[in-house]
Amino acid sequence: MSTAKALAEAGHNVTVVSMMKPKVMHKDIHLIVIPVTEEQQRSIEEQMAIMAGRKNSVLDTMSRFLNSLDVMIDSQADVLTDPRFLRIYETKFDLMILGYFLNDFQLAVAAKLKVPVILDGLMPPNFITDAFAGNPSELSYVPHMATIATQPMGFLKRTENLALHLFSKYMSTILESKLNHNYEKIYGGDKNLPSLKELRKNITLVFTGSHLISEGPIRPLVPAIIETGGIQVKDKPDPLPEDIGQFLNKSTQGAVFLSLGSNIKSSTVKPEIVQIIFKVLSGLKENVIWKWEDLDNTPGNVTNILYKTWLPQDDILAHPNTKLFITHAGKGGITESQYHGVPMVALPVFADQPGNAAQMERSGFGLALDLLTITEDSFRQALKEVLENDKYSETARKFSTLYRDRPLTAKQTVVYWTEYVLRHRGAPHLQSPAVHMSFIELNNLDVYTVIASIVISFLLLARLVGKFLWSKLFAKANTSAAKKNQ
Ligand SMILES: *[C@@H]1O[C@H](CO)[C@@H](O)[C@H](O)[C@H]1NC(C)=O
Ligand SMILES: *[C@@H]1O[C@H](CO)[C@@H](O)[C@H](O)[C@H]1NC(C)=O
């Protein structure tokens with residue numbers, strides 16, 4: 001939605017089709033919301049509840065999408081035949097941007113509209129976006145998305161990396177048949193459409209949610225991969241609501257911002273844990289802004305804590321007095337905090353949060369504790385350490401400087417490259433030739449085979465000749481030796 005908003009702000013007429021009511025909007029965006037059916041919703045929620053109760057690796061999650069969670073793929077196919085969606089074919093469009101989530105079959109829409117298509121990969125470059133753009137995955141020094149590694153990788157990490165890659169490729173082939181099935185079901189009868197495999201070769205650009213030179217890993221990117229990481233962060237903060245603004249302005253000792261996200265309601269965290277958090281925070285010399293849903297039942301009233309039900313997170317993190325962010329370690333919050341150079345104490349609970357928190361701690365932006373097992377001591381120690389030891393804020397500030405140092409902001413990047421594709425009618429010259437090569441050609445297997453055949457033939461021939469000469473010589477020697485003996 002931030003990508004759509006950037007384009008609308010630049011004066012483009014943007015229509016967005018979504019299955020959820022978006023949080024980010026713009027008054028000029030035409031929105032078509034086609035929600036999942038109630039039955040699909042129930043099934044998704046059941047699965048999410050199962051996933052919330054345990055740690056899930058990326059591979060776990062992937063295999064889930066192919067089995068119990070395949071409703072998330074199939075519902076995206078249902079959209080394509082929904083009457084609310086079919087109305088878009090009455091309008092003339094110039095370009096399609098496909099938000100990628102295992103929905104390749106939706107590429108058919110661009111082909112039907114006869115427009116170029118940009119794929120928004122949303123995540124950092126990975127084996128999926130590599131395949132779309134014909135980008136090398138460089139398994140020996142580019143860590144797979146499912147592992148945390150520092151570069152360069154040692155022997156074991158490289159072995160793990162290769163195994164993860166092969167496994168992902170295997171999963172992709174299973175996914176492929178599911179995607180093809182959906183594609184054939186909807187468009188199989190349409191003689192004007194090529195195969196899904198061919199459609200994939202017509203992607204002009206791939207946006208990725210990354211900025212590798214500040215975040216890492218360092219890796220090659222073909223020209224058709226455009227990094228738009230941080231697009232969701234505002235370039236300039238909006239003015240704060242008056243009470244929050246005043247509270248932060250008078251926080252001369254600094255302010256701490258606590259938000260455990262919208263999935264975990266603060267009031268559903270165990271009361272003992274809330275009391276631990278309250279005791280420690282009320283004893284700080286810094287002021288505290290605490291996101292809390294039930295203002296009639298706060299953990300306790302003291303002058304240094306301000307409770308609010310709703311908070312403009314990005315704008316609070318941008319305030320110069322904000323010294324620390326206590327977060328549940330959602331990806332969005334961590335990125336915003338890093339962008340504004342604010343160190344963190346993470347209290348993750350489930351899903352991707354523990355992984356995000358571990359990565360954040362490893363990169364030196366702060367410390368991670370487990371929300372369910374914190375004690376007064378461990379929590380106070382962690383806050384003291386991150387507030388008083390300058391190394392965390394230093395690391396965060398340094399990252400923030402690198403992250404912002406770009407020729408174009410993420411928004412400008414989206415607008416520039418989208419208009420570039422429009423100006424150059426799909427800009428096919430940008431595409432890597434690798435997209436059109438088979439596995440054998442791409443890996444030069446045919447060339448190696450021919451060279452190997454020539455070398456082997458030559459060796460065999462040499463051996464034959466050698467044998468022949470040897471036997472001649474030997475025979476001569478034998479006869480002369482025989483003569484001497486006579
Ligand atoms: C923008 O697109 C919408 C929907 O396709 C259309 O109804 C409207 O006329 C367009 N506006 C302009 C200014 O082109
Ligand atoms: C491929 O994209 C170009 C524009 O970039 C478009 O004109 C053409 O129709 C597309 N072909 C298919 C099969 O989608």
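Only a predicted model underlies this, so the values are computations on that prediction, with no experimental measurement involved.

Student: Lay out the pattern of salt bridges in plain terms, naming residues and giving numbers.
Tutor: In total, this model carries 20 salt bridges according to the counting rule given. Across the pair E388 and K384 runs a salt bridge, and its minimum N-O distance is 3.2 Å. Here E388 and its partner K384 are both found in helix α16 (residues 376-388), four residues apart, which amounts to about one turn of the helix. Relative accessible area serves as the criterion here: at 52%, E388 is assigned to the exposed category. For K384, a relative accessible area of 43% gives the class partly exposed. By sharing partners, the salt bridges in this structure join D70, D74 and K178 into a single network.

Student: Summarise the site of ligand 2; cite the residues concerned and give the values.
Tutor: Every residue close to ligand 2 is listed here: A111, P116, P194, L199, N202 and G426. N202 is positioned such that a nitrogen or oxygen atom in its side chain is 2.5 Å from an oxygen atom of ligand 2. Contact with the protein chains covers 60% of the free accessible surface of ligand 2, which is 360 Å². Of the residues in the shell around ligand 2, the class split is four nonpolar, two polar and no charged.

Student: Can you tell me about the packing of aromatic side chains, naming the residues and giving the values?
Tutor: Enumeration over the complete set of coordinates arrives at 14 aromatic pairs. Between Y416 and Y420 the ring centres are 6.2 Å apart and the planes differ by 35°, which places this aromatic pair in the tilted class. Taken together, the residues Y416 and Y420, both in helix α18 (residues 410-423) and four residues apart, mark about one turn of the helix. Taking the relative accessible area as the measure of exposure, Y416 reaches 36% and is therefore partly exposed. Taking the relative accessible area as the measure of exposure, Y420 reaches 16% and is therefore buried.

Scoring rules and cut-offs
- Residues numbered from 1 in each chain as written.
- Chains lettered and ligands numbered in written order.
- Predicted model: local features only at pLDDT ≥ 70, side-chain atom pairs only at ≥ 80, totals over all residues.
- Heavy atoms only, no water.
- Salt bridge = Lys/Arg side-chain N within 4 Å of Asp/Glu carboxyl O.
- Helix = DSSP H or I, 4+ residues; strand = E, 2+ residues; numbered from the N terminus.
- Buried < 20%, exposed > 50% of the residue type's maximum accessible area, 1.4 Å probe, protein only.
- Near = heavy atom within 4 Å.
- Polar contact = N/O pair within 3.5 Å; in protein donor to acceptor, adjacent residues only side chain to side chain.
- Areas by Shrake-Rupley, 256 points an atom, 1.4 Å probe, with all protein chains shown as cover.
- Nonpolar A, V, L, I, M, F, W, Y, C, P; charged D, E, K, R; others polar.
- Phe/Tyr/Trp six-rings, centres within 6.5 Å; stacked < 30°, edge-to-face > 60°.

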